[in-house]
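Here is what each chain is made of, one letter per residue.
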Amino acid sequence: MVKIKLIDVAHSRSGDKGNTLNISLIPYNEADYEWLSSSVTAEKVKDHLKHIVKGKVTRYELPNIKAFNFVCEESLMGGVTTSLAIDTHGKSLSNALLEMEIEV
C-alpha cells in the first residue's frame, strides 16, 4: 500500500448553511469513484477535520455523477453572521479535505 493525498485524484468545493459546512469530493477520473467510496468515509473525514468539525459528518453518495457530498455539522463557529473565524463561509476547507491522505 502507498499513501496519496486526495488532491492527486480529486477536486473539491465547499460552502455553508449557517453553522454547517458542505464539502464536495469529485474524482478527476470517474473510474476512481468506487475505490474512493471505500477509502473516504464520513468517519475518516471527521477525523481528518477534527480540529474544525465539532459535530456529525454525513456522507452522501452521488453515483450518477460520480461524486460525494460531506455535510459537516457544527463546523463554522456559529455561522457567517456570528463567527469570529477568518473563513466564515468555509471556502478554504475543501482544500483542507484534499490534504487528507488515503491508502491505495
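Before reading on, note that the structure itself is shown above.
A short tour of the structure in this document, coming up. (Residues numbered from 1 in each chain as written. Predicted model: local features only at pLDDT ≥ 70, side-chain atom pairs only at ≥ 80, totals over all residues. Heavy atoms only, no water.)

**Focus: the environment of Glu 61**
Put simply, the test is: Secondary structure follows DSSP: runs of H or I at least 4 residues long count as helices, runs of E at least 2 residues long count as strands, and numbering of each begins at the N terminus. Residue burial is assigned from relative accessible area. The probe radius is 1.4 Å, only protein chains are included, and a residue is buried under 20% of its type maximum, exposed over 50%, and partly exposed in between. By definition, residues are in contact when any of their heavy atoms lie within 4.5 Å. For this analysis, a polar contact is any N or O atom pair within 3.5 Å, provided that within protein one partner can donate a hydrogen and the other can accept it, and provided that sequence-adjacent residues contribute only side-chain to side-chain pairs.
Of note, Glu 61 is situated in strand β5 (residues 57-62). Residue classification places Glu 61 among the partly exposed residues on the basis of a relative accessible area of 42%. In this structure the C-alpha to C-alpha distance between Glu 61 and Ser 37, which are 24 residues apart in sequence, comes to 8.1 Å. When residues no more than four places from it in sequence are discounted, the contact partners of Glu 61 are Tyr 33, Ser 37, Ala 67 and Phe 68. Within the structure, Glu 61 has its side chain in polar contact with the side chain of Arg 59 (distance 2.5 Å).

**Structural notes on unusual backbone geometry**
The phi dihedral of Lys 66 falls on the positive side, at around 55 degrees, and the residue is not glycine. Considering the arrangement of structural elements, one finds Lys 66 in the loop between β5 and β6 (67-72). Its relative accessible area of 25% is what places Lys 66 among the partly exposed residues. In this structure, Glu 74 is a non-glycine residue whose phi angle is positive, near 55 degrees. Inspection of the secondary structure assignment puts Glu 74 in the loop between β6 and α3 (93-98).

**Description of the side chain of Thr 58**
By the element assignment, Thr 58 lies in strand β5. Residue classification places Thr 58 among the buried positions, given a relative accessible area of 18%. Not counting chain neighbours up to four residues away, the residues in contact with Thr 58 comprise Asn 69, Phe 70 and Val 71.

Function-wise, these values are silent; they only describe arrangement.
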